Amino acid sequence: MRKRVLIAEDNPINLELVRQILEDDYDLLCASDGERAIELATAEAPDVILMDLSLPRVDGWEATRRLRDDPRAAAIPVMALTAHAIKGYRERALAAGFASYLTKPVDEDELLAEVARLAGRSPATNAKGPSSSGDPALAAVVREHLPRLVGEATAALDRGDLRGLADVAHQLKGGAQMAALLDIGALAGALEAGAAAG
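Here the structure is a predicted model, which means the values were calculated and not measured.

Our next topic: the sheet that holds strand β5 (residues 100-103). Ordered in space as β2-β1-β3-β4-β5, the 5 strands form an open sheet in which the pairing is parallel. Strands with a single pairing partner mark the edges of an open sheet, and in this sheet they are β2 (27-31) and β5. The mean angle between the axes of side-by-side strands here comes to 20 degrees, regardless of whether they run parallel or antiparallel. Judged from the 4 bridges that link them, strand β1 (residues 4-8) and strand β3 (residues 48-51) form a sheet pairing that is parallel. Paired with Ala8 across the two strands is Met51, which belongs to β3. Together, β3 and β4 (78-82) form the strand contacts of helix α3 (residues 60-69), whose direction differs from that of β3 by roughly 155 degrees.

Here it is in structure tokens:
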């Protein structure tokens, strides 16, 4: 029987990228907010949970705290999978009950190895080769989302909504970096920073 992984991620690009990396080796459950992640974890008992820290409704910190307090889910290893590469966050996450901590953009081979370790199985190998050169399938995911993101960015600009523009740029930045589209990621990061600064 294949192991099951719950992915709690609100960024649709990052969710699709992680799904593409894991889907050949695991059965996947997906949640776009912390409340849904808690519901799925307690009802479905996946073997591993990948938890973004900045989820809507209930953030990843609180969702993991609630899972640790629930006997139905307390033993499920939870990996923080986050863009928060801030000093001390890894230690804080491990102390809070996370079993592991990876920062985005995530390396495909590192993600596969860490999920395998937490699931108690032999490490999967990335049959597509090292991720540093970029994976065409992952790049295609980013390209598929570009029209939506351009539309959302344009609408945010038309409204004068710099926060919304920063959010759209953040989605593109994370997805582009995970797909090794570094130039696009850098441009999106600059747009995010500019919009956040006003």
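Read on for the rest.
In this model helix α5 (residues 108-119) runs 16 Å from its N-terminal to its C-terminal C-alpha over 12 residues, within 8% of the 16 Å that 1.5 Å per residue would give. Looking at the buried residues of α5, the elements they touch are β1, α1 (12-22), β3, β4, β5 and α6 (136-159). Sitting at the amino-terminal end of α5 is Asp107, which places a side-chain oxygen 3.1 Å from the backbone nitrogen of Asp109. Just beyond α5, the residue with positive phi is Gly120, at close to 70 degrees.

Procedures and definitions
Each chain carries its own residue numbering, running from 1 in the direction its sequence is written. Local features in this predicted model are restricted to residues of pLDDT 70 or higher, and side-chain atom pairs are both shown and tallied only at a pLDDT of 80 or more, whereas totals for entire chains, interfaces and linings draw on every residue. Side-chain metrics rest on all non-hydrogen atoms present in the structure, leaving aside hydrogens and water. A pair of strands is considered paired only if DSSP assigns at least 2 bridges between the two. The secondary structure listing takes helices from DSSP runs of H or I that are at least 4 residues long and strands from runs of E that are at least 2 residues long, numbered from the N terminus. Axis definition: a line fit to C-alpha positions, over the contact stretch in the case of helices; interaxial angles, taken between N-to-C directions, run 0 to 180 degrees. Contact between two residues is taken to exist if any of their heavy atoms lie within 4.5 Å; hydrogens are not considered. The span expected for a helix works out to 1.5 Å for each residue beyond the first. N or O atoms within 3.5 Å of each other form a polar contact, as long as, within protein, one can give a hydrogen and the other can take it, and as long as residues adjacent in sequence are counted only when both atoms are side-chain atoms.

Distances and angles like these do not, on their own, reveal function.
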